[in-house]
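# Observations on the model geometry
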Amino acid sequence: MNQPNKKVICITGASSGFGTATAKKFIQNGWNCIITGRRQERLESLAKELGEENTLTLAFDVTDNKAVEKNLSNLPEKFSKISVLVNNAGLALGLEPAQRCDLQDWETMIDTNIKGLLYCTRLLLPKMIKQEEGHIINLGSVAATNPYFGGNTYGATKAFVRQFSRNLRTDLHGTGLRVTNIEPGLAESEFSIVRFKGDKEKADNLYKGAHPITPNDIADMIYWVATTPKHININNIEVMPTSQSWSPLQVYKS
Ligand code: NDP
Ligand code: 8X3
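None of these values were measured; they are calculated from a predicted model.

So, how was this worked out
- Residues numbered from 1 in each chain as written.
- Chains lettered and ligands numbered in written order.
- Predicted model: local features only at pLDDT ≥ 70, side-chain atom pairs only at ≥ 80, totals over all residues.
- Heavy atoms only, no water.
- Near = heavy atom within 4 Å.
- Polar contact = N/O pair within 3.5 Å; in protein donor to acceptor, adjacent residues only side chain to side chain.
- Areas by Shrake-Rupley, 256 points an atom, 1.4 Å probe, with all protein chains shown as cover.
- Nonpolar A, V, L, I, M, F, W, Y, C, P; charged D, E, K, R; others polar.
- Helix = DSSP H or I, 4+ residues; strand = E, 2+ residues; numbered from the N terminus.
- Buried < 20%, exposed > 50% of the residue type's maximum accessible area, 1.4 Å probe, protein only.
- Expected span 1.5 Å × (residues − 1).

### Concerning the site of ligand 2
- Around ligand 2 lies a shell formed by Ser 141, Val 142, Ala 143, Tyr 148, Tyr 154, Phe 191 and Arg 195.
- The side chain of Ser 141 places a nitrogen or oxygen atom 2.5 Å from an oxygen atom of ligand 2.
- A distance of 2.6 Å separates an oxygen atom of ligand 2 from a polar side-chain atom of Tyr 148.
- Considered on its own, ligand 2 offers 240 Å² of accessible surface; in the complex 83% of this is hidden by protein.
- Taken together, the residues of the shell around ligand 2 break down into five nonpolar, one polar and one charged.

### Regarding the environment of Ile 9
- Secondary-structure assignment places Ile 9 in strand E1 (residues 8–11).
- On the basis of relative accessible area, Ile 9 is assigned to the buried category, the value being 0%.
- Along the sequence, Ile 9 and Val 86 sit 77 residues apart, while their C-alpha atoms lie 7.5 Å from each other.

### Considerations on helix H4 (residues 103–131)
- When the terminal C-alpha atoms of H4 are compared, their 41 Å separation across 29 residues agrees well with the 42 Å that a helix rising 1.5 Å per residue should span.
- Two or three places before Gln 104, at the opening of H4, Asp 102 has a side-chain oxygen 2.9 Å from that residue's backbone nitrogen.
- The first or second residue beyond H4 is Glu 132, which carries a positive phi of 60°.

### Comments concerning the site of ligand 1
- Residues in close proximity to ligand 1 total 28 residues, the closest being Ser 15, Ser 16, Arg 38, Tyr 154 and Ser 189.
- In this structure, Gly 90 approaches ligand 1 through a main-chain N or O atom, which is 3.5 Å from an oxygen atom.
- Contacts to ligand 1 include Ser 189, whose side-chain N or O atom sits 2.6 Å from an oxygen atom.
- If ligand 1 stood free it would expose 880 Å²; the protein chains cover 96% of that surface.
- At the level of secondary structure, the elements contributing two or more residues to the shell around ligand 1 comprise helix H1 (17–28) and helix H5 (152–171).
- Taken together, the residues of the shell around ligand 1 break down into 10 nonpolar, 13 polar and five charged.

Now the structure itself:
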């Protein structure tokens, strides 16, 4: 049975980092939670920790549109009215200059950060419009607007997320649905281990002494954004650790 007072949030990439912290935050505040990701065993142990009666575990790859459709259509009644979709699944691969990047890495980032986000959003939008309630919260990045060495395709995928979020708001004008793009800077999670292809020491060095943003910080922001009064839409949040700021433009002299 649907529990009228329990809202449902669907989080992609809940097996780690921001997604795991967000699931915990919403469950602690009385929501039901659909947790997704590719690593089923991670999701299952998270569901055990959160309480299996409040949690629906769906293991699938967001780059596979058929799997997205199969998993997110025909949800059990208790989880069928999704109020908030957090498009969080994403990754960066490599930090090489464009001319040395692996083309497959670029394709994986585009497929995940852009196409995966689109597949989930497109599938859930008609239902949200019909139920006259819905909030799409996308995980962008400071990399969308701040170029840095080796940020090439990753930053470009997040620039897509930024502009798609704004265009989506325009398309949804008058429906009452909300769209938010959250753009974090340096945040400690498995993100850099993935980017550096398993080199944990390199990832740890990046964060050492930097007092980075934590996944709980982002979960708190997502919770705030999702629970502001319905007449408020937070369009964009750009957030960095206090230790992070911008570098000057560079000039090469020959
Ligand atoms: P993590 O690596 O800790 O988590 C990434 C999550 O995405 C995992 O749960 C992973 O699950 C999931 N994921 C990756 N690829 C796929 C896929 N193909 N299908 C389904 N799920 C997938 O990183 P963060 O928590 O830090 O990152 C979350 C989001 O925030 C990403 O979009 C990232 O770009 C963005 N971000 C991160 C920042 C940071 O510095 N950490 C800063 C700015 C933005 P699994 O492997 O089980 O599939
Ligand atoms: C992740 C933050 O600065 O590594 O999106 O691109 S950054």
